[in-house]
Amino acid sequence: MALADKELTCVECGAPFLFTVGEQEFFASRGYTNDPKRCSACRSARKSQQRSSGFGDGGAREMHPVVCDQCGVDTMVPFVPRGDRPVYCSDCFSTIRR
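Computed from a prediction, not measured in an experiment: that's the story for all the values here.

A word on the overall build of the protein. Summing up its helical and strand segments, the protein has three helices and four strands in all. Going from N to C terminus, the protein has its helices and strands arranged as β-β-α-α-β-β-α. Relative to the compact-globule value of 13 Å for 98 residues, the protein shows a C-alpha radius of gyration of 23 Å, a clear excess of over 25%. With the principal axes as the frame, the protein shows a C-alpha extent of 65 × 30 × 20 Å. Looking at the 98 residues of the protein, the share that counts as buried comes to 18%. Within the protein, contacts between residues separated by at least 24 positions form 17% of all contacts whose residues are at least 6 apart in sequence. Accessible surface computed for the protein: about 7,900 Å², of which carbon and sulfur atoms make up 50%. Taking the average place of the 13 positive charges on the side chains of the protein and the average place of its 12 negative ones, the gap between the two points comes to 2 Å.

Definitions and cut-offs
- Residues numbered from 1 in each chain as written.
- Predicted model: local features only at pLDDT ≥ 70, side-chain atom pairs only at ≥ 80, totals over all residues.
- Heavy atoms only, no water.
- Helix = DSSP H or I, 4+ residues; strand = E, 2+ residues; numbered from the N terminus.
- Rg over C-alpha atoms; globule rule 2.2 N^0.38 Å.
- Buried < 20%, exposed > 50% of the residue type's maximum accessible area, 1.4 Å probe, protein only.
- Contact = heavy atoms within 4.5 Å.
- Areas by Shrake-Rupley, 256 points an atom, 1.4 Å probe, with all protein chains shown as cover.
- Lys, Arg positive; Asp, Glu negative; His and termini not counted.
- Charge placed at Lys NZ, Arg CZ, Asp CG, Glu CD.

Encoded structure:
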């Protein structure tokens, strides 16, 4: 079956957008079976909104106070220490990691 460009309607803004043959091939190579539901502008806006609201890479993390097991300095870590493993400040962690 030969692919052809498809005109779709964005569920966010209602604007028509083109789902090109190249995009369809890319989607198929990734195993995606559904057509996109949002135009590229709405997809970008949704991604940036998710990042700023704590989802994805740009979200703020909940920090927890601890004392570094190596140098004894008070520090904050982005996880809840369990108590069964040592916790280090960023300087000591960088040194140990090398």
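From this point, things continue past the structure.
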